[in-house]
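Take a look at the letters that make up each chain.
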Amino acid sequence: MPTAEIASQEPVSTNGKVDPSVVMDCNIENLYYGSFKAVRDTRIPVQKNAITAFIGPSGCGKSTVLRCMNRMNDLVRGFRLEGHVQFRGQDIYGPKIDPVAVRRFIGMVFQQPNPFATSVYNNVAFGLRLNNFKGNKAAKVEEALKSADLWDEVKDKLNESGLSLSGGQQQRLCIARAIATEPEVLLLDEPCSALDPVATRSIEELMKQLKARFAIAIVTHNLQQAQRVSDKTGFLYVDTSEGSRTGYLVEFGDSNQIFHDPKQKETQQYIKGEFS
Amino acid sequence: MPTETQISKPPSRTQAITDTAFRALCQGFTWLVAVIAVIIVLKIVLAALPAVRQYGLGFLSGQVWDPNKKLYSILPEIWGTLYSSVLALIFGTAFGVAAALFLAEGFTADAVFALLKIVNLQFHPFWGKLPVQVENLLSNLIELLAAIPSVVYGLWGLFVIIPLVRPACHWLHADLGWIPLFGTDLSGPGMLPAVIVLSIMILPTITAIGRGALLAVPTRLRMAAYGLGATRWEAIFAVTLPTASRGIFGGIVLAFGRALGETMALAMLVGNANVISVSLFSPANTLAALLANAFPEASPKDVGVLMYAATVLLVITLLVNVAGAYIVQFTASELEGEKV
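The shown structure was predicted, so the numbers you read here are calculated from the model rather than taken from an experiment. Throughout, a residue's number is its position along its own chain's written sequence, starting from 1. Note on labels: chains are lettered from A, ligands numbered from 1, in written order. This being a predicted model, a pLDDT of at least 70 is required before a residue's local features are given, and a value of 80 or more before pairs of side-chain atoms are given or counted; all residues contribute to the totals for chains, interfaces and linings. For the side-chain quantities, the full set of heavy atoms in the structure was used; hydrogens and water were omitted.

**Focus: the overall build of chain B**
Right, on to step 1. Each helix corresponds to a stretch of at least 4 residues labelled H or I by DSSP, and each strand to a stretch of at least 2 residues labelled E; elements are numbered beginning at the N terminus. If you tally the helices and strands in chain B, you get 12 helices and two strands.
Right, on to step 2. When the helices and strands of chain B are placed in sequence order, the string is α-α-β-β-α-α-α-α-α-α-α-α-α-α.
Right, on to step 3. Throughout, radius of gyration means the C-alpha value; the globule benchmark is 2.2 Å times the number of residues raised to the power 0.38. For 340 residues, the compact-globule estimate of 2.2 N^0.38 gives 20 Å, and the C-alpha radius of gyration of chain B, at 26 Å, exceeds that figure by more than 25%.
Right, on to step 4. Expressed as lengths along the three principal axes of its C-alpha atoms, the size of chain B is roughly 85 × 65 × 40 Å.
Right, on to step 5. Going through the 340 residues of chain B one by one, you find that 41% of them count as buried.
Right, on to step 6. Sequence separation of at least 24 residues holds for 73% of the intrachain contacts in chain B that already meet a minimum separation of 6.
Right, on to step 7. For the area figures, the Shrake-Rupley method with a 1.4 Å probe applies, and any residue is considered shielded solely by the protein chains shown. A total accessible area of about 18,400 Å² is found for chain B, and carbon and sulfur atoms account for 73% of it.
Right, on to step 8. Only four residue types enter the tally: Lys and Arg on the positive side, Asp and Glu on the negative side; His and the chain ends are excluded. The atoms used to mark charge sites are NZ of Lys, CZ of Arg, CG of Asp and CD of Glu. Across chain B, the mean location of the 18 positive side-chain charges is 8 Å away from that of the 17 negative side-chain charges. The rule is simple: take the accessible area with a 1.4 Å probe, protein chains only, and divide by the maximum for that residue type; under 20% is buried, over 50% is exposed, in between is partly exposed. Residues count as neighbours in contact if any of their non-hydrogen atoms are within 4.5 Å of one another.

Structure (structure tokens):
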């Protein structure tokens, strides 16, 4: 992993086997929490300037796969991965890689809006400070808030608590915070599940704008949302055959194909709403 | 209209009466506590009034306490109370907050987990629970410190701490005696042993309240910090601690209040000498220790004087609490942004 310089735009190298537009190649053979096997056989490439959605029933490991992509799972005691995640030509699970460094290049937005209990400005500047950013912080904060479609609403209250904003605004604040350091990949873990339909729509519009600059991976339980925003879709399902609940990737492809012409039986049934 | 077959019914008369009675009871007890507090303050202040008239403000600025000559003043005690409490608070806060962090942020559990991993028992149905259990055991042990009686602390200070620190004190005084802190030699009881014991006594308050405040910080905030690429250190100092600061500070103020009023252990350890000195090894006195020592042999007239001293102690603790509340308000709005 290169040093923690923000906006280091070095070209994405690939290992030759994958499509050059692929920013991150997540290849999970087996993923364990303690002795529990949570996910198996899931390979999902995340492409540049595209939105990759993971769908599937509850407990199928969608969020677990997403959290694999920036090593958030390392914070869970007993987590173990067999497989690798290629990013910038390196395996981010390689022995010399610092998980903290990985997270500086791969941003994440969570299910619950989680602004820090500090001002709007400090929330967005948090990542800049972590990276010891020496440039014009105020300008970067403004830029990030504009990119997150929040600037007009908060420009007069940058010193107010981030917690004083509405739920939808808080989530956009979290997106601004994540993109302020210009990561290459943006991971969104059910970003709209705590929001009302209007706020959900505004986040979806925002995602479509942001894909011009970032590779986006999103977990959603909302099929319509995946259909509306995503370019690629992976469908995960739960395998209960071994007496356990292990998630695995059933089908991956263009969203159009997954939603209109799914190849696998499980995908067909899920898309038609025969089970959830 | 309710009929015989319907399950839903309005609350019965008994339910309504119970509810009203319960509310009245709670309200009554709350008021009772407030009334008792007011009565205590009132009684002490009234008993102190004759002495206040007789000795006036000179009582606060003089340094002589001589019951035989009927000369009373408490500046050394005020100094000793504040000096010992502030010093104890510095040590107690440093250790207490560190312990709270250690227990609340999973350091302990991680360490035990790493040990188990060496013998490959980390997922064992029985041993796998050990990390959390050790963490709970440690925090219970620290809270147990609060249950040790004050007089036991005093004895422990006399027979363990004083012999333990005496050689170091001699050495510090002999070699670094030009530093005012080490300006006198330790001859037995004195400020340092009192401060050490006092720090340990207030530590559980700071740790227990601090740990509670840290555990109350939502996990999603920590995750947000880690997700942005914060190290553990950065996540703790930039997010967890500031978010919990209000609660931690509340614990510190409470601990300070306890330090100011702590009596028995200090009466045994501080030396009970009317001396104002910055030296850590000098004997000193505190208001609470003075009251404890002087009451048993006080003539009815002296009682008024002691009540005056008690009033001063009350005012000091009150001021500390008000100042603490103010600081909490101030830092909270600085840290958390303006509330709308």
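**Some words on the overall build of chain A**
Right, on to step 1. Each helix and strand in chain A was counted, giving 10 helices and 10 strands.
Right, on to step 2. When its C-alpha atoms are laid out on the principal axes, chain A stretches across 55 × 45 × 35 Å.
Right, on to step 3. Counting all 276 residues of chain A, 58% fall into the buried class.
Right, on to step 4. A fraction of 69% describes how many contacts in chain A between residues 6 or more apart in sequence connect residues 24 or more apart.
Right, on to step 5. With an accessible surface of roughly 11,300 Å², chain A has 45% of that area assigned to carbon and sulfur atoms.
Right, on to step 6. Separation between the mean location of the 33 positive side-chain charges and that of the 32 negative ones in chain A comes to 3 Å.

**Describing the interface of chain B and chain A**
Right, on to step 1. Facing 26 residues of chain B, the contacting portion of chain A comprises 28 residues.
Right, on to step 2. Using a 1.4 Å probe, buried area is obtained as the accessible area two parts lose upon being combined, added over both of them. Across the chain B to chain A interface the summed buried area is about 2,300 Å²; carbon plus sulfur atoms make up 67%.
Right, on to step 3. Of all residues in chain B, the largest losses of buried area upon contact with chain A belong to F123, R220 and L228 of chain B, amounting jointly to 24% of the total for that side.
Right, on to step 4. Basic side-chain nitrogens of Lys or Arg form a salt bridge, by our definition, when they fall within 4 Å of a carboxyl oxygen of Asp or Glu. Applying the counting rule to chain B against chain A returns two salt bridges.
Right, on to step 5. Here R77 of chain A ties to D110 of chain B by a salt bridge, and the two come within 2.8 Å at their closest N and O atoms.
Right, on to step 6. Secondary structure elements with two or more residues in the side of chain B that touches chain A: α4 (107–118), α8 (219–227), α9 (232–261) and α12 (300–336) of chain B.
Right, on to step 7. Class assignment of the residues belonging to the side of chain B that touches chain A gives a composition of 14 nonpolar, six polar and six charged. Amino acids are sorted into nonpolar (Ala, Val, Leu, Ile, Met, Phe, Trp, Tyr, Cys and Pro), charged (Asp, Glu, Lys and Arg) and polar (every other residue, Gly among them).

**Topic: the nonpolar core**
Right, on to step 1. Within this scheme, the nonpolar core is defined by two criteria: the residues are buried Ala, Val, Leu, Ile, Met, Phe, Trp, Tyr or Cys, and they are joined through side-chain atoms within 4.5 Å. Counting 117 residues, the largest nonpolar core has F54, M69 and V185 of chain A together with F59 and I74 of chain B as the members making the most contacts within it.
Right, on to step 2. In contact with M69 of chain A, not counting residues within four places along its chain, are M24, C26, I44, V46, F54, I92, V102, I106, L187 and A217 of chain A.

**Quick notes on the pairing of strand β2 (residues 36–47) of chain A**
The side chains of a regular strand alternate, residue by residue, between the two faces of the sheet.
Residues and elements named next belong to chain A.
Right, on to step 1. Whether two strands pair comes down to DSSP finding at least two bridges between them. Sheet topology note: the strand β1 (residues 22–33)/β2 ladder contains 10 bridges and is antiparallel. Considered in β2, the bridge of D25 is made with P45.
Right, on to step 2. The loop that links β1 with its antiparallel partner β2 comprises two residues; one of these, G34, has a positive phi angle of about 65°.
Right, on to step 3. Of the strand pairs in this sheet, β2 and strand β10 (residues 246–254) are connected by two bridges, and their pairing is parallel. Bridge pairing links V39 to G247 in β10.

**Description of the sheet that holds strand β6 (residues 106–109) of chain A**
All names here are of chain A.
Right, on to step 1. Read across the open sheet, the 10 strands follow the order β5-β4-β1-β2-β10-β9-β3-β8-β7-β6; overall the sheet is mixed. Pairing within the sheet leaves two strands with one partner each, and these edge strands are β5 (90–91) and β6.
Right, on to step 2. Across two bridges, strand β4 (residues 79–87) lies against β5 in antiparallel orientation. For Q86, the partnering residue across the bridge sits in β5 and is D91.
Right, on to step 3. Against the sheet, helix α6 (residues 167–179) contacts β6 and β7 (185–189), and its axis sits at roughly 170° relative to β6.
Right, on to step 4. On the sheet, helix α7 (residues 197–210) packs against β3 (51–55), β7 and β8 (215–219) and is oriented at approximately 150° with respect to β8. Here an angle of 0 to 180 degrees is reported between the N-to-C directions of two axes, which are lines fitted to C-alpha atoms, with helices fitted over the stretch in contact.

**Looking at α4 of chain B**
Residue and element names in this part refer to chain B.
Right, on to step 1. What a helix is expected to span follows from its residue count: subtract one and scale by 1.5 Å. A rise of 1.5 Å per residue sets the reference length of α4, with its 12 residues, at 16 Å; its end C-alpha atoms lie 17 Å apart and thus fit the reference within 8%.
Right, on to step 2. Considered for burial, the residues of α4 that qualify are T108, A109, V112, F113 and L116. End-on, the buried residues of α4 take up no more than an arc of 130°, which puts them together on one face. Exposed and facing more than 90 degrees away from the buried side of α4 are L115, K117 and I118. To obtain the arc, one takes the directions from the helix axis to the C-beta atoms.

**Some details on the packing of aromatic side chains**
Right, on to step 1. Any two rings among Phe, Tyr and Trp, with Trp reduced to its six-membered ring, count as a pair given centres within 6.5 Å; such a pair is stacked if its planes are under 30 degrees apart, edge-to-face if over 60, and tilted if neither. Summed over the entire model, instances satisfying the criterion amount to 14 aromatic pairs over all chains.
Right, on to step 2. Where W65 of chain B meets Y72 of chain B, the ring centres are 4.9 Å apart and the plane angle is 70°; that geometry is what we call edge-to-face.
Right, on to step 3. A relative accessible area of 18% means that W65 of chain B is categorised as buried.
Right, on to step 4. By relative accessible area, which is 6% here, Y72 of chain B ends up buried.
Right, on to step 5. Taken together through their ring pairs, the aromatic side chains of Y55, F59, W65, Y72 and Y308 of chain B make up a single cluster.
Right, on to step 6. We count a charge as sitting over a ring when the NZ of a lysine or the CZ of an arginine lies within 6 Å of the ring centre and within 35 degrees of the ring normal. Over the ring of Y248 of chain A we find R40 of chain A; its NZ or CZ atom is 4.4 Å from the centre of that ring.
Right, on to step 7. Note that R232 of chain B overlies the ring of F107 of chain B, its terminal NZ or CZ placed 4.2 Å from the centroid.

**Let's talk about a nonpolar patch on the surface**
Residues and elements named next belong to chain B.
Right, on to step 1. A cluster of nonpolar residues, V38, V41, L42, V45, L46, L49, V52 and L314, forms a patch on the protein surface that exposes about 600 Å² of accessible area.
Right, on to step 2. Considering each element in turn, the nonpolar patch owes the most residues, seven residues, to helix α1 (residues 13–55).
Right, on to step 3. With respect to the helices, strands and loops of the structure, L49 is situated in helix α1.
Right, on to step 4. Using a relative accessible area of 32% as the deciding quantity, one classes L49 as partly exposed. Like charges are joined within 9 Å and nonpolar side chains (Val, Leu, Ile, Met, Phe, Trp, Tyr) within 5 Å, but only among residues with over 30% relative accessible area and no salt bridge; these make up the patches.

**Some words on the side chain of T200 of chain A**
Right, on to step 1. Residue placement: T200 of chain A occurs in helix α7.
Right, on to step 2. Leave out the neighbours within four places in its chain, and T200 of chain A touches C192, L195 and Q225 of chain A.

**A few points about the pattern of salt bridges**
Right, on to step 1. All chains considered together, the criterion is met by 26 salt bridges over all chains.
Right, on to step 2. One salt bridge connects R232 of chain B with D110 of chain B, and the closest N-O pair in it is separated by 2.8 Å. Placement of R232 of chain B in helix α9 and of D110 of chain B in helix α4 is noted, with a sequence separation of 122 residues between them.
Right, on to step 3. When the shortest N-O distance is used, the salt bridge between R258 of chain B and E262 of chain B registers 3.9 Å.
Right, on to step 4. Assessed through its relative accessible area of 29%, R258 of chain B is described here as partly exposed.
Right, on to step 5. For E262 of chain B, a relative accessible area of 8% translates into the label buried.
Right, on to step 6. Within this structure, R40, D41 and D239 of chain A form a network of salt bridges that share partners.

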